[in-house]
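# Structural overview for review
One letter stands for each residue in the lines below.
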Amino acid sequence: MSSLIILAILTSSINKQSNAENKKNSFLLRRLDSFDQLSSYLDKIGCITVYVGTVLNENKVTKKLSDEHEVMRLKEYRHTLIEITVYLGTFRQRYGHLYEYDFYSTEYLELLKSSDKFKDLFDTIILIINGKDNHKEIISDDYEKFTTKFDQVLINLSKELK
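The shown structure was predicted, so the numbers you read here are calculated from the model rather than taken from an experiment.

## Description of the overall build of the chain
Tallying secondary structure elements over the chain gives five helices and zero strands in all. Moving toward the C terminus, one meets the helices and strands of the chain in the order α-α-α-α-α. Relative to its full complement of 162 residues, the chain shows a buried share of 38%. The contacts in the chain between residues at least 6 apart in sequence include a share of 76% that link residues at least 24 apart. Taken as a whole, the chain presents about 10400 Å² of accessible surface, with 54% of it coming from carbon and sulfur.

Rendered as structure tokens:
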């Protein structure tokens, strides 16, 4: 009889450990998935920042854009920036419970602000290229601030993937 009681206690203990381990692994998998989705924007951000840097450095903003391929690329990049901005804005609500990271930190709030500024910079470039506005000031370091903040957040989140 005592063997049966010991066996029941051991089974219960192992079951509790398994449940805790399963929960821990489930959270890790969800963190990995959310991080993978967030980091999947790196290529797109790279393409957009190279494009913006080229436009600013070559002063193409004073020329009207007539190539249909370039117009489509601008629209695609703008859509991607909106997508990234919305994703970053909702990341805290969707995945914040999975991380120890403080999504109310200055670092993260600055990332959100810089993503808006980057999108605004891109909108200004589109207006100027299309000849609709040539009086707006272009602050060329907005995209650099965004990429720097994005990298910092990714680095800090990646520390929790172990």
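## Remarks on the nonpolar core
Ranked by size, the top nonpolar core spans 36 residues in total, and within it Leu88, Phe91, Tyr99, Tyr108, Phe122, Phe150 and Leu157 carry the most contacts. Those elements that provide at least two residues to this core are helix 1 (2-39), helix 2 (42-57), helix 3 (68-95), helix 4 (106-129) and helix 5 (142-158). Among the elements that make up this core, the one with the highest residue count is helix 4 (nine residues).

## What about the environment of Tyr51?
Its location among the elements puts Tyr51 in helix 2. Along the backbone, Tyr51 and Leu74 are 23 residues apart, and their C-alpha atoms lie at a distance of 9.4 Å. Dropping the residues within four chain positions of it, Tyr51 is found in contact with Glu70, Arg73, Leu74, Tyr77, Phe122 and Ile129.

## Let's talk about the packing of helix 4 against helix 5
Helix-helix packing is described using two parameters, namely the angle between the two axes and the distance between the axes. Running from amino to carboxyl end, helix 4 crosses helix 5 at an angle of 145°, the nearest separation of the two axes being 8 Å. Crossing of helix 4 against helix 5: the hand is left-handed. Where helix 4 approaches helix 5, its residues Glu107, Tyr108, Glu110, Leu111, Ser114, Ser115, Lys117, Phe118 and Leu121 are matched on the opposing element by Asp142, Tyr143, Lys145, Phe146, Lys149, Phe150, Gln152, Val153 and Asn156. A breakdown of the residues in the contact of helix 4 with helix 5 according to their chemical character gives eight nonpolar, four polar and six charged.

## Quick word on helix 5
For helix 5, built from 17 residues, the straight-helix expectation of 24 Å at 1.5 Å per residue is met to within 8% by its first-to-last C-alpha distance of 24 Å. Three or more residues of helix 5 are buried, namely Asp142, Tyr143, Phe146, Thr147, Lys149, Phe150, Val153, Leu154 and Leu157. One side of helix 5 carries all its buried residues, which in axial view fall inside an arc of 165°.

Cut-offs applied
- The residue numbering used here restarts from 1 in each chain and proceeds along that chain's sequence as written.
- Local features in this predicted model are restricted to residues whose pLDDT is 70 or higher, and side-chain atom pairs enter the listing and the counts only when it is 80 or higher, whereas totals over whole chains, interfaces and linings include all residues.
- To get the side-chain values, all heavy atoms of the structure are used, and hydrogens and water are removed first.
- Helix and strand labels come from DSSP, where a helix needs a run of H or I of at least four residues and a strand needs a run of E of at least two; each type is numbered from the N terminus.
- Classification of residues uses two cut-offs on accessible area relative to the type maximum, computed with a 1.4 Å probe and protein chains only: under 20% is buried, over 50% is exposed, and between them is partly exposed.
- Whether two residues are in contact is decided by their heavy atoms: any pair within 4.5 Å suffices.
- Here the accessible surface of atoms and residues is derived via Shrake-Rupley with a 1.4 Å probe, and residues count as covered only by protein chains that are part of the display.
- What we call a nonpolar core is a set of buried Ala, Val, Leu, Ile, Met, Phe, Trp, Tyr and Cys residues that are connected through their side-chain atoms within 4.5 Å.
- For helices, the fitted axis covers only the stretch in contact; all axes are lines through C-alpha atoms, and the angles between them, taken along N-to-C directions, range from 0 to 180 degrees.
- Should the near helix be turned anticlockwise from the far one by less than a right angle, the crossing is termed left-handed; should it be turned clockwise, right-handed.
- When residues are sorted by character, Ala, Val, Leu, Ile, Met, Phe, Trp, Tyr, Cys and Pro go into the nonpolar class, Asp, Glu, Lys and Arg into the charged class, and all the rest, Gly among them, into the polar class.
- One fewer than the residue count of a helix, multiplied by 1.5 Å, yields its expected span.
- The arc refers to the directions leading from the helix axis to the C-beta atoms.

In short, shape yes, function no, at least from these values alone.
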